[in-house]
Amino acid sequence: MKLGYFAMPLHPHGRTWQETLHEDRTAVILADSLGYHDAFIGEHLTDEHENVTNSLLFLATLINETSQIRLGTGTTNLSHQHPVLVAANSAMFDHLSNGRLILGVSPGALASDAEVLGILDENRNKMFAEAVDVITAVWESEPPYDIDLPDNRFKVSTRQTIDQNVGVGVLPKPLQQPRPEIVGTVVAPFSKGVIEMGRKDFHPMSANFLLPQWVATHWPNYVQGKTDVGVTADIADWRVARTIFVADTHEEAVAYAKVQEDSPYRFYYSQMLKKMRKLGRLELFKSSREQPDDEVTLEGILDDLVIAGTAEEVAEQLVEFNAQVGGFGELVYAGMDWVDEGLGRRSMELMATEVMPAVNAAIGDVEPR
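The rules behind each value
- Residues numbered from 1 in each chain as written.
- Predicted model: local features only at pLDDT ≥ 70, side-chain atom pairs only at ≥ 80, totals over all residues.
- Heavy atoms only, no water.
- Helix = DSSP H or I, 4+ residues; strand = E, 2+ residues; numbered from the N terminus.
- Rg over C-alpha atoms; globule rule 2.2 N^0.38 Å.
- Buried < 20%, exposed > 50% of the residue type's maximum accessible area, 1.4 Å probe, protein only.
- Contact = heavy atoms within 4.5 Å.
- Axes fitted to C-alpha atoms, helices over the stretch in contact; angles between N-to-C directions.
- Parallel < 35°, antiparallel > 145°, perpendicular 65-115°, else oblique.
- Left-handed = near helix turned anticlockwise from the far one by under 90°.
- Nonpolar A, V, L, I, M, F, W, Y, C, P; charged D, E, K, R; others polar.
- Patch = residues over 30% accessible without salt bridge, like charges linked within 9 Å, V, L, I, M, F, W, Y side chains within 5 Å.
- Areas by Shrake-Rupley, 256 points an atom, 1.4 Å probe, with all protein chains shown as cover.
- Salt bridge = Lys/Arg side-chain N within 4 Å of Asp/Glu carboxyl O.
- Pairing = 2+ DSSP bridges.
- Right-handed = clockwise from strand over helix to strand, strands pointing away.
- Core = buried A, V, L, I, M, F, W, Y, C linked by side-chain atoms within 4.5 Å.
- 1 Å grid on protein atoms, 1.4 Å probe; cavity = no way out; pocket = protein on both sides within 12 Å on 5 of 7 lines; lining within 4 Å.
- Points joined across faces, edges and corners; volume = space filled by probe spheres on them.
- Expected span 1.5 Å × (residues − 1).
- Arc of directions from axis to C-beta.

Draft legend 1. Spatial organisation of the overall build of the protein. A count of helices and strands for the protein gives 13 helices and 10 strands. Taken against the 2.2 N^0.38 rule, which gives 21 Å for 369 residues, the C-alpha radius of gyration of the protein at 21 Å falls within 12% of a compact globule. Viewed in the frame of its principal axes, the protein has a C-alpha envelope of about 70 × 45 × 45 Å. Relative to its 369 residues, the protein shows a buried fraction of 55%.

Draft legend 2. Region of the structure containing the side chain of glutamine 271. On the secondary structure map, glutamine 271 appears in helix H10 (residues 264-279). Glutamine 271 has contacts with Leu10 and His49, leaving out every residue within four places of it along the chain.

Draft legend 3. Broad picture of the packing of helix H1 (residues 17-33) against helix H13 (residues 341-363). Two numbers describe how H1 lies on H13: the axes approach to 10 Å, and their chain directions differ by 25 degrees. Classified by the angle their axes make, H1 and H13 are roughly parallel. Helix-helix and strand crossings are classified by hand; for H1 and H13 the assignment is right-handed. Between H1 and H13, the residues in contact are Thr26, Ala27, Leu30 and Ala31 and Arg345, Met348 and Glu349, respectively. Taken together, the residues of the contact of H1 with H13 break down into four nonpolar, one polar and two charged.

Draft legend 4. Region of interest: a nonpolar patch on the surface. Where nonpolar side chains cluster on the molecular surface, the patch consists of Leu45, Val116 and Leu117 and spans about 250 Å² of accessible area. Along the polypeptide, leucine 45 turns up in the loop between strand S2 (38-41) and helix H2 (55-60).

Draft legend 5. Main features of the pairing of strand S1 (residues 2-7). The buried fraction of S1 is high, at five of six residues. Bridge analysis of S1 against S2 gives three bridges, and the strand direction is parallel. Note on S2: the bridge partner recorded for phenylalanine 6 is phenylalanine 40. A crossover links S1 with its parallel partner S2, the connecting element being H1, and its sense is right-handed.

Draft legend 6. Quick peek at the nonpolar core. Membership of the largest hydrophobic core comes to 110 residues, with the highest contact counts inside it found for Tyr5, Tyr36, Phe209, Tyr269, Phe285 and Met351. Take this core: its biggest share by element is eight residues, from H13. Filtering out sequence-adjacent residues up to four positions away, tyrosine 269 remains in contact with Asn208, Phe209, Thr243, Phe285, Leu298, Ile301, Leu302, Leu305 and Val306.

Draft legend 7. Just the pattern of salt bridges, in detail. For the coordinates displayed, the defined rule picks out 26 salt bridges. Linking aspartate 133 and lysine 200 is a salt bridge whose minimum nitrogen-to-oxygen distance equals 2.8 Å. Taken together, the residues aspartate 133 in helix H5 (residues 124-140) and lysine 200 in helix H6 (residues 193-200) connect sequence positions 67 residues apart. We classify aspartate 133 as partly exposed; its relative accessible area is 27%. By relative accessible area, lysine 200 is classed as partly exposed at 29%. Here the residues in one salt-bridge network are Glu122, Lys126, Glu130, Asp151 and Arg153, joined through shared partners.

Draft legend 8. Layout of empty space enclosed by the protein. Applying the stated criterion across every chain yields a total of three cavities of 30 Å³ or more. Roughly 70 Å³ of internal volume is contained in the largest cavity. As for the largest cavity, its lining consists of Phe245, Tyr256, Pro264, Tyr265, Tyr333, Gly335, Met336, Asp337, Trp338, Gly344 and Met348. Counting residues per element, the ones that place at least two in the lining of the largest cavity are H10 and H13. For the lining of the largest cavity, the residue count by class is eight nonpolar, two polar and one charged. Considered as a void within the structure, the second largest cavity measures approximately 60 Å³ in volume. Around the second largest cavity, the lining residues are Tyr5, Ala7, Pro9, Leu10, His11, Glu23, Asp24, Ala27, Gly335, Met336 and Asp337. Of the residues forming the lining of the second largest cavity, the biggest block, three residues, is contributed by H1.

Draft legend 9. Molecular detail of the pairing of strand S6 (residues 181-186). The element S6 is extensively covered by neighbouring structure, given that five of its six residues are classed as buried. Judged from the four bridges that link them, strand S5 (residues 101-106) and S6 form a sheet pairing that is parallel. Directly across from leucine 103, in S6, lies its bridge partner isoleucine 182. When S6 meets strand S7 (residues 203-206), the two strands line up parallel, connected through four bridges. Its bridge partner lying in S7, valine 186 is registered against serine 206. Remark: the S6/H6/S7 crossover connection has right-handed handedness.

Draft legend 10. Helix H12 (residues 311-325), seen in detail. The end-to-end C-alpha distance of H12 is 21 Å, a good match for the 21 Å that 15 residues give at a rise of 1.5 Å each. Residues of H12 that are buried: Ala311, Val314, Ala315, Leu318, Phe321, Asn322 and Val325. Summarising the axial view, the buried residues of H12 lie within an arc of 125 degrees, below the 170-degree limit, and thus occupy one face. In this structure, H12 carries Glu312, Glu320 and Ala323 as exposed residues pointing more than 90 degrees from its buried face. Its buried side turned inward, H12 meets helix H7 (212-215), strand S8 (239-246), strand S9 (306-309), strand S10 (330-334) and H13. Downstream of H12 by a residue or two, glycine 326 has a phi angle that is positive, lying close to 95 degrees.

Here it is, written out as structure tokens:
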């Protein structure tokens, strides 16, 4: 099982933007030095707490300060820009990073982002599906492209202006061929979108704020999508994110992750609880869909979703979680604000040097199932 890193990232008020951007970059650089396989960074235009506005631009600043870690947009919100821009800019990034790009994609869920862009009333899921098809078509096609897909608003052609003698009318292709890995985040139980990911050979990442029984619903749907196109699904392609804190003592881990008033984990899940309550999606935190809304509390969420303890304790909890969901290929560590930088760094270090070796020793090689 590989180890990855993901951050929305999410920070409390009271810190400068420059300060949090520096911290977010530092965390990815640390992950690279510790051998994490990849790092995904989220993006939002209008969220004061999740304040990376363009994940690809942010990651570009890390290309020359990292050496081996793969750099993933987590995600590029495809309703926010024309798919040709995503295809061309991602291709350039792939060359700049020597083939380390992972393109994470989603429609873009934040309503205030949609409003500021004038697309609040648009069907952003449809825009996303159309954009994905155009991006892959651009990478697969040759000029003048003439991409005109059924029921797709994005038409792509350079037929009227192409002049290959002088090199115009030609879009760039990524370094990785036939294309970079494309990853989609999965945030709903029994997600039907995972079926389409399987059909398109995109790889799923199950969200860190889902209970184990909901995470387990994703793999069968991915297998169904793969089966629909005559391909065997590979468990190594499934990423699962978890909220984890590792410390040198049990007491320190529990205090920082669940008890302290300034705990970044408490802040993270208090924000998630507010947002999901507002969106009417509290079922994400429920053990059953019949559970009353008033039973969903911050303390309960922290108990259910934050894995905290010493390296030995966290490894034991992760082995149990792996058994609950049936096995997966990459564990993605969810990054939090560094209220205490020393503890934040130490957790990432222990995760790489002690927890993952213990987990892999316990579960053995991850095999297709």
